[in-house]
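Analysis of the macromolecular model
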Amino acid sequence: MSEYDVVVVGAGISGIAFAHRAASAGRRTLVLERGDRLGGCLHSNRLGSGYWFELGAHTCYNSYANLIDLVVSAGLTERLLPRGEARSRFDVLTGEHHRPLTQAGILRELSWREAVASLARGVGRGRRDETVASRFSRLLGARNYREVLRPFLTAMPSQDPDRFPASGPGSLAFVKRRRRRKDFLRSFTVDGGLQTVCESAAARAGIDVATGVDVRAVLREGDGVAIETAAGDRYTARAAAIAVDAPAAARILRRGFPEVANGIARVGSVTFETLGVAVRRATLSVPEAAFIVPKNDAFRSVVTRDVVADPSWRGFAFHFKEPCSRDAKLRRAAAVLGVRAAALEGVTEVTRVLPSPTIGHGEVMRDIDRALAGGALAVTGNYFGGLSIEQCVSRSIGEWERVAAHALPGGA
Ligand SMILES: Cc1cc2nc3c(=O)[nH]c(=O)nc-3n(C[C@H](O)[C@H](O)[C@H](O)COP(=O)(O)OP(=O)(O)OC[C@H]3O[C@@H](n4cnc5c(N)ncnc54)[C@H](O)[C@@H]3O)c2cc1C
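These figures come from a predicted structure and were not determined experimentally.

1. Some points on the overall build of the chain
A count of helices and strands for the chain gives 12 helices and 19 strands. A total of 412 residues make up the chain; the buried ones form 55% of that total. Partitioning the intrachain contacts of the chain with sequence separation of at least 6 by distance along the chain shows that 70% fall at a separation of at least 24. When the 57 positive and 43 negative side-chain charges of the chain are each reduced to one mean point, those points stand 6 Å apart.

2. A closer look at the pattern of salt bridges
This model, assessed by the stated rule, comprises 29 salt bridges. A salt bridge links Arg-99 to Glu-109, with the shortest nitrogen-to-oxygen separation between them at 3.1 Å. Placement of the pair is Arg-99 in strand 8 (residues 97-102) and Glu-109 in helix 3 (residues 103-109), with a sequence separation of 10 residues. When its relative accessible area of 30% is taken as the criterion, Arg-99 is described as partly exposed. Here Glu-109 falls in the partly exposed class, since its relative accessible area comes to 24%. Close ionic contact of Asp-297 with Arg-332 constitutes a salt bridge, the shortest N to O distance being 2.8 Å. Of the two residues, Asp-297 is situated in the loop between strand 15 (291-294) and strand 16 (299-304) and Arg-332 in helix 10 (residues 326-337); the sequence distance between them amounts to 35 residues. On the basis of relative accessible area, Arg-332 is assigned to the buried category, the value being 16%.

3. Some points on the environment of Ala-104
Residue placement: Ala-104 occurs in helix 3. Given a relative accessible area of 45%, Ala-104 falls into the partly exposed group. In the structure, Ala-104 is positioned 15 residues away from Arg-89 in sequence and 9.3 Å away in space, judged by C-alpha atoms.

4. Some thoughts on the sheet that holds strand 15
Reading across from one edge, 8-7-15-16-17-14-18 is the order of the 7 strands in this open sheet, with mixed pairing throughout. Looking at the sheet topology across the chains shown, the edges are occupied by strand 8 and strand 18 (345-355). This sheet shows a mean twist of 25° between the axes of neighbouring strands, independent of strand direction. Where strand 14 (residues 269-280) lies against strand 17 (residues 313-320), 8 bridges are found, and the strand directions are antiparallel. Opposite Val-279, over in strand 17, you have Arg-314 as the bridge partner. Of the strands in this sheet, strand 7 (89-94), strand 8, strand 15 and strand 16 are in contact with helix 6 (residues 142-155), which crosses strand 15 at around 130°. The strands that helix 10 touches are strand 7, strand 8, strand 14, strand 15, strand 16, strand 17 and strand 18; relative to strand 14, the one it contacts most, it runs at about 55°.

5. A look at empty space enclosed by the protein
Under the definition given, this model contains 2 cavities of 30 Å³ or more. Lining of the largest cavity is provided by Trp-52, Phe-53, Glu-54, His-58, Arg-83, Thr-189, Val-303, Thr-304, Arg-305, Val-307 and Val-308. Elements with a minimum of two residues in the lining of the largest cavity: strand 4 (52-54) and strand 16. Considering every element that reaches the lining of the largest cavity, the biggest residue donor is strand 4, with 3 residues. Across the lining of the largest cavity, the residue classes tally to 5 nonpolar, 3 polar and 3 charged. Composition of the lining of the largest cavity by domain shows at least three residues from each of domain 1 (2-81 + 185-268 + 359-407) and domain 2 (83-88 + 270-355). Taken together, Val-92, Leu-101, Glu-109, Glu-147, Val-148, Pro-151, Phe-152, Val-293, Pro-294 and Lys-295 make up the full set of residues lining the second largest cavity. At 4 residues, helix 6 tops the list of elements feeding residues into the lining of the second largest cavity. Here the residues of the lining of the second largest cavity are counted per class, giving 7 nonpolar, no polar and 3 charged.

6. Overview of the state of the cysteines
One pass over the structure, following the stated rule, counts 0 disulfides. With no disulfide of its own, Cys-41 lies 7.9 Å from the sulfur of Cys-392, the closest cysteine sulfur. When its relative accessible area of 30% is taken as the criterion, Cys-41 is described as partly exposed.

Cut-offs and rules
Residues numbered from 1 in each chain as written. Predicted model: local features only at pLDDT ≥ 70, side-chain atom pairs only at ≥ 80, totals over all residues. Heavy atoms only, no water. Helix = DSSP H or I, 4+ residues; strand = E, 2+ residues; numbered from the N terminus. Buried < 20%, exposed > 50% of the residue type's maximum accessible area, 1.4 Å probe, protein only. Contact = heavy atoms within 4.5 Å. Lys, Arg positive; Asp, Glu negative; His and termini not counted. Charge placed at Lys NZ, Arg CZ, Asp CG, Glu CD. Salt bridge = Lys/Arg side-chain N within 4 Å of Asp/Glu carboxyl O. Pairing = 2+ DSSP bridges. Axes fitted to C-alpha atoms, helices over the stretch in contact; angles between N-to-C directions. 1 Å grid on protein atoms, 1.4 Å probe; cavity = no way out; pocket = protein on both sides within 12 Å on 5 of 7 lines; lining within 4 Å. Points joined across faces, edges and corners; volume = space filled by probe spheres on them. Nonpolar A, V, L, I, M, F, W, Y, C, P; charged D, E, K, R; others polar. Domains from an automatic or database assignment. Disulfide = S-S within 2.5 Å.

All quantities given are derived from atomic positions and should not be read as evidence of function.
Laid out in structure tokens, this is it:
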């Protein structure tokens, strides 16, 4: 048993951003992570040769103001890398046929006849509680949405985007542009991969990290909290932050904070499998592109490392729709890339859980926040404002300020 000011459960960007704020305010902070590395969805697969490619998030923008503050504070400013020319190219895949497509080309794919007719009928008829499918079908036409836009929107949340709210909490809208930092690259990553952000931010003084710790429950203890692990260890703290995926958060809070847990249990989620592979550049002939977007395939999208080109290697993360065997994934990846399976190196499989918000998500979030008000428990993650890294960091900062004001003498 050990006493900390703050215990954070989950070492993804949400947990690390929370921990970084707490430690910056002079609070003794412990981060408990179930896996064997920091980063969560910021997962940079690193080969012995020094080459890396992303299995999860891949892009940050200069509108990510809070993330940029974290990057600067973690001493990473000099390690930011621009995402190069390939970032604006997609590769549309039909069967084994690759067709490179620029963003301008996507506009040419639209049926303008259908778009004009739909716009004439659809403008001004929107509702606040519209889904993505209904808004874009209304504005561009059902075929334009289904055939052109949908495959690209599917690539972003790695799931079916149809039922996502078109706007507001949980929507696919990224962060508002007015906060753009013109002194930073418009679209960037970090040398070593985005996981580096979590690793460097966690390395600051005042943060202890324990990996391989599966947290089972967070309970009330006096004015503070107690944290129980699967191994039977117990930690106490003045405050705790739960920064894990929604199903895990609901499980961890069920006994100690049932009202919060019930709210979180209403958040939908999807689980999907990713296969990461690296291939020697000389053996590959598929065109360079930021994404490979299939018309209809076993996977939803492939995210490449072509945006930060390397002279020797190319890297690919295949995000599959349904669980399937490693062999089936390898066979499909080899066929798409036009190489033998033996040419695939750095092979890594991961399973991810992402939120799947639907209409009414804002009300669910408000219920959770009402249940949290005034307590020593913070809950953060990608199921509040939205999926993006910046929205995770923003939620963590808001939660840190709230909990510090209520539960910690001296506040934030
Ligand atoms: C394929 C993909 C591509 C993406 N691309 C982008 C992008 O380009 N730009 C962007 O802005 N966003 C992107 N996102 C979204 C963004 O990366 C995520 O929403 C964000 O990183 C989630 O961070 P998080 O800390 O909330 O959760 P997670 O990253 O899921 O971290 C949660 C952590 O909690 C740990 N954990 C779970 N249960 C327990 C437990 N019981 N005990 C202890 N630890 C536990 C997990 O192991 C994990 O490390 C992408 C996401 C994915 C999956």
